[in-house]
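# Survey of secondary and tertiary structure
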Amino acid sequence: MQTTIKTPVSFEGVGLHSGKPARATILPAAAGNGIAFRRSDMVLDHAMIPALWSNVRQSPLCTLLENRYGATVSTVEHIMAALIGCGIHNAIVEIDGPEIPILDGSSAAFVRGILSRGVQHLGTPVRALRVLETVEVRRGQAWARLTPHDSLMIEFDIEFEDAAIGNQKKILNMSNGSFVRELSTSRTFCRKADVDMMRSNGLALGGTLENAVVVDGARVLSPGGLRHDDEAVRHKMLDAVGDLGLAGMPILGHYHGFRAGHALTNDLLCELFSRPRSFETLLCDETTAARLPGVGVHWGEIPAVA
Ligand SMILES: [Zn+2]
């Protein structure tokens, strides 16, 4: 059955890019609504921004959505990943400006907030998207691919010059709450050289050593070090879960990203939806529904983080 959050939950922090205070509230929504963002600082007719792949606008560092009236919301991927990973199909995320707060750079606080309110089951079956044939997109050396599978598998490879990250590879099945246990606490990461460049260009003004893992060669500059040895690849998998959530329904398929990022994952969804024979949508029976992300997740499974 489709789900929503039982009662509203709010998050306060700063926007990664603006550095300005930002407040987001996840509100319950009816079956069939899907996930949408709503700008509380805009007139109601123009304020709704559905969380869909077709609303993604190119942005270098995050996933940015824009509706047909020009209303935007940026850095949606970590709250999207938390909603998908907790098995929430319908919600309105109300936001008081153009950016979702970055919090600690992971999905941990969003997951904790959602699970503290609980998941409400609605009386309508879930519609899922099943991948039927391989779809692949490339940009330079990077590529992303979807192949058929009976649940959502996420696989990722990264290759970084900085020895603190290096080459990392991981594959996980997103059934049975593994998003919450394995991925939700892994933070955004970046290289010190990139931080310096962004700052000098007036970008990432809200970025700190507390909301991103900053590395310089073999050194991790953020206090407390890493939450996992392979935190970087886990975060890329978290981003992929959030970006794939913009399909508008749970995906049954195996995603593999090689040095991929937000733009490439969105290219992949565009390619998928441009090829109607590469997928089908289906109402989930009990067996399929039991394999969706978030099924069986409970409060006690949230990993403790510093
Ligand atoms: Zn991210």
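Parameters and conventions
Residues numbered from 1 in each chain as written. Predicted model: local features only at pLDDT ≥ 70, side-chain atom pairs only at ≥ 80, totals over all residues. Heavy atoms only, no water. Donors = N, O, S within 2.8 Å, 3.2 Å for Na, K, Ca; no water. Helix = DSSP H or I, 4+ residues; strand = E, 2+ residues; numbered from the N terminus. Buried < 20%, exposed > 50% of the residue type's maximum accessible area, 1.4 Å probe, protein only. Salt bridge = Lys/Arg side-chain N within 4 Å of Asp/Glu carboxyl O. Expected span 1.5 Å × (residues − 1). 1 Å grid on protein atoms, 1.4 Å probe; cavity = no way out; pocket = protein on both sides within 12 Å on 5 of 7 lines; lining within 4 Å. Points joined across faces, edges and corners; volume = space filled by probe spheres on them. Nonpolar A, V, L, I, M, F, W, Y, C, P; charged D, E, K, R; others polar. Pairing = 2+ DSSP bridges.

### Focus on the coordination of the zinc ion
Geometry sets the ideal angles at a metal, namely 109.5 degrees for four tetrahedral donors and 90 or 180 degrees for six octahedral donors. The protein atoms that coordinate the zinc ion are His 78 (NE2), His 235 (NE2), Asp 239 (OD) and Asp 239 (OD), at distances spanning 2.1 to 2.7 Å. All donors of the zinc ion belong to a single chain; written as a sequence motif, their spacing is H-x156-H-x3-D. One end of the pair, His 78, is in helix 2 (residues 77-85); the other, His 235, is in helix 6 (residues 231-244), with 157 residues separating them in the sequence. Look at His 78 and you get buried, because its relative accessible area is 4%. Exposure remark for His 235: the relative accessible area of 2% places this residue in the buried category.

### A short note on the pattern of salt bridges
Considering all chains together, one arrives at 22 salt bridges under this definition. With a shortest N-O distance of 3.3 Å, Glu 159 and Arg 259 are connected by a salt bridge. Taken together, the residues span a long stretch of sequence, with Glu 159 in strand 14 (residues 152-159) and Arg 259 in the loop between strand 19 (251-258) and helix 7 (262-274) at a distance of 100 residues. Residue class for Glu 159 comes out partly exposed when judged on its relative accessible area of 34%. Take Arg 259: its relative accessible area is 34%, and that puts it in the partly exposed class. One connected set of salt bridges, linked through shared partners, spans Lys 170, Glu 182, Asp 230 and Arg 234.

### Considerations on helix 7
Given a rise of 1.5 Å per residue, 13 residues ought to cover 18 Å, and the 18 Å separating the end C-alpha atoms of helix 7 matches this to within 8%. Every buried residue belonging to helix 7 is among His 262, Leu 264, Thr 265, Asn 266, Asp 267, Leu 268, Leu 269 and Leu 272, and all of these are buried.

### A look at empty space enclosed by the protein
One pass over the full model with this rule turns up two cavities of 30 Å³ or more. The space that makes up the largest cavity amounts to roughly 60 Å³. Every residue lining the largest cavity is listed: Ala 164, Ile 165, Gln 168, Arg 187, Phe 189, Val 213, Val 215, Leu 226, Asp 229, Glu 231 and Ala 232. Put simply, the parts of the chain that give the lining of the largest cavity at least two residues each are strand 17 (213-216) and helix 6. Here the residues of the lining of the largest cavity are counted per class, giving seven nonpolar, one polar and three charged.

### A look at unusual backbone geometry
Despite not being glycine, Leu 103 shows a phi value in the positive range, around 50 degrees. Along the polypeptide, Leu 103 turns up in the loop between strand 9 (91-95) and helix 3 (108-117). In this structure, Asn 176 is a non-glycine residue whose phi angle is positive, near 60 degrees. Structurally, the position occupied by Asn 176 is in the loop between strand 15 (167-173) and helix 4 (178-183).

### Quick word on the sheet that holds strand 17
With respect to topology, three strands assemble into an open sheet ordered 16-17-18, the strand pairing being mixed. In this open sheet, the two strands that pair with only one neighbour each are strand 16 (189-191) and strand 18 (219-220). Pairing of strand 16 with strand 17 involves three bridges; the strand directions are parallel. Considered in strand 17, the bridge of Phe 189 is made with Val 213.

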